[in-house]
Amino acid sequence: MTADPLPPSDRPVPGWPVPPPEGYFAEDLDRMHDLPSHTELIDGSLVFVSPQAKFHMLVINFLDQELNEQAPEDLEVSREMTVTLGPRQRPEPDILVARAEADAGLDQTTYHPEDVVLVIEVMSPDSVERDRKRKPQLYAEAKIPHLWRVENVNDRAVFYTYELDLASKVYSLTGIHHDRLQLDEPFKIDLDLTRATRRRRAQN
């Protein structure tokens, strides 16, 4: 059975990059200047991010502000920066916390996993499989000690926190947090999660 031809269209065909036979490598992201914002490299393939939902934006803004206020001076909070886990792995967590000594200046585009103590993924509809399965595998193999995943449950941010078992290189669930998150590792953290999706209004 032959499919009917598609109707003609004046819409231009996107000029997506054609992958080389061996796939992409981590350093390629710094040389490909026409890539969409927040492009990741997973298993040698480019992963493009869908348009950001308001939930995603509000949670990232909340975490960026709160963790920056609570983190000690020897740790630095960054949003939407990549971590080069290997030659073909360069994911971009929504938030990461790294040792301040790993700061390489304003031209820095990535971190090494040994400098990162926490990665946070705020889940989007298009990233469910990556955020629940593949990226935790990669972060664990790279020995990043702590992982959080944030999910939208009935328009509320629910935080799943994990700690790495170094012997097995697998994350263990340490808690599911709905209203408040209080932890002592990787530093003392106290978050009112009911504020995570609350839009801040300018003060008069």
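The sections below set out a description of the structure shown in this document. Source: prediction; values computed, not measured. (Residues numbered from 1 in each chain as written. Predicted model: local features only at pLDDT ≥ 70, side-chain atom pairs only at ≥ 80, totals over all residues. Heavy atoms only, no water.)

1. Brief notes about the nonpolar core
Here is step 1 of the chain: Counting residues in each nonpolar core, the largest one holds 26 residues, and the members touching the most others are Leu63, Leu67, Trp148 and Phe159.
Here is step 2 of the chain: Contributions of two or more residues to this core are made by helix H1 (54–70), strand S3 (75–79), strand S5 (95–99), strand S7 (116–122), strand S8 (146–153), strand S9 (156–165), strand S11 (180–183) and strand S12 (189–192).
Here is step 3 of the chain: Ignoring sequence-local partners within four residues, the contact set of Leu67 consists of Val77, Ile95, Ile120, Trp148, Phe187 and Ile189.
Here is step 4 of the chain: Residues Ile42, Ala98, Val158 and Tyr160 belong to the second largest nonpolar core, which totals 22 residues. (Core = buried A, V, L, I, M, F, W, Y, C linked by side-chain atoms within 4.5 Å. Buried < 20%, exposed > 50% of the residue type's maximum accessible area, 1.4 Å probe, protein only. Helix = DSSP H or I, 4+ residues; strand = E, 2+ residues; numbered from the N terminus. Contact = heavy atoms within 4.5 Å.)

2. Quick word on the side chain of Ser127
Here is step 1 of the chain: Looking at the element boundaries, Ser127 is found in the loop between S7 and helix H2 (128–141).
Here is step 2 of the chain: For Ser127, a relative accessible area of 6% gives the class buried.
Here is step 3 of the chain: Here the side chain of Ser127 touches Ser124 through a polar contact of 2.9 Å, landing on its backbone nitrogen. (Polar contact = N/O pair within 3.5 Å; in protein donor to acceptor, adjacent residues only side chain to side chain.)

3. Overview of H1
Here is step 1 of the chain: Over its 17 residues, H1 extends 24 Å from the first C-alpha to the last, a length consistent with the 24 Å expected when each residue adds 1.5 Å.
Here is step 2 of the chain: Along H1, the residues that are buried comprise Phe55, His56, Leu58, Val59, Ile60, Phe62, Leu63, Asp64, Glu66 and Leu67.
Here is step 3 of the chain: Buried residues belonging to H1 abut S3, S5, S7, S8, S9 and S12. (Expected span 1.5 Å × (residues − 1).)

4. Focus on the sheet that holds S5
Strand pairing in a sheet is mediated by backbone hydrogen bonds. Such pairs are either parallel or antiparallel.
Here is step 1 of the chain: What the six strands build is an open sheet, ordered S3-S5-S7-S8-S9-S10; its pairing is mixed. With one partner strand each, in any of the chains shown, S3 and strand S10 (170–177) form the two edges of the open sheet. Taken over all neighbouring pairs, the strand axes of this sheet differ in orientation by 20° on average, direction set aside.
Here is step 2 of the chain: Two strands pair when backbone bridges link them, and S3 and S5 are joined in this way by five bridges, in the antiparallel orientation. Bridged to Glu76 within S5 is Ala98.
Here is step 3 of the chain: Each of S3, S5, S7, S8 and S9 touches H1; the most contacted strand, S7, lies at about 155° to it. (Pairing = 2+ DSSP bridges. Axes fitted to C-alpha atoms, helices over the stretch in contact; angles between N-to-C directions.)

5. Comments concerning the packing of aromatic side chains
Here is step 1 of the chain: Inspection of the entire model under this criterion finds one aromatic pair.
Here is step 2 of the chain: With centroids separated by 6.1 Å and ring planes inclined at 70°, the aromatic side chains of Trp148 and Phe159 adopt a geometry described as edge-to-face. Separated by 11 residues along the polypeptide, Trp148 in strand S8 and Phe159 in strand S9 bring together distant segments of the chain.
Here is step 3 of the chain: Taking NZ or CZ as reference, Arg149 lies 4.5 Å from the ring centre of Tyr160, over its face. (Phe/Tyr/Trp six-rings, centres within 6.5 Å; stacked < 30°, edge-to-face > 60°. Lys NZ or Arg CZ within 6 Å of the ring centre and 35° of its normal.)

6. Quick notes on the environment of Val49
Here is step 1 of the chain: Turning to its location among the elements, Val49 is positioned in the loop between strand S2 (45–47) and H1.
Here is step 2 of the chain: The spacing of Val49 and Ser37 is 12 residues in sequence and 7.7 Å in space, taken between C-alpha atoms.

7. Side note on the pattern of salt bridges
Here is step 1 of the chain: One pass over the structure, following the stated rule, counts 14 salt bridges.
Here is step 2 of the chain: In this structure, Arg79 engages Asp64 in a salt bridge whose closest nitrogen and oxygen atoms are separated by 3.5 Å. Of this pair, Arg79 sits in strand S3 while Asp64 sits in helix H1, placing them 15 residues apart in sequence.
Here is step 3 of the chain: Taking the shortest distance from any N to any O, the salt bridge between Glu151 and Arg132 comes out at 3.0 Å. (Salt bridge = Lys/Arg side-chain N within 4 Å of Asp/Glu carboxyl O.)

Structural measurements only, silent on function.
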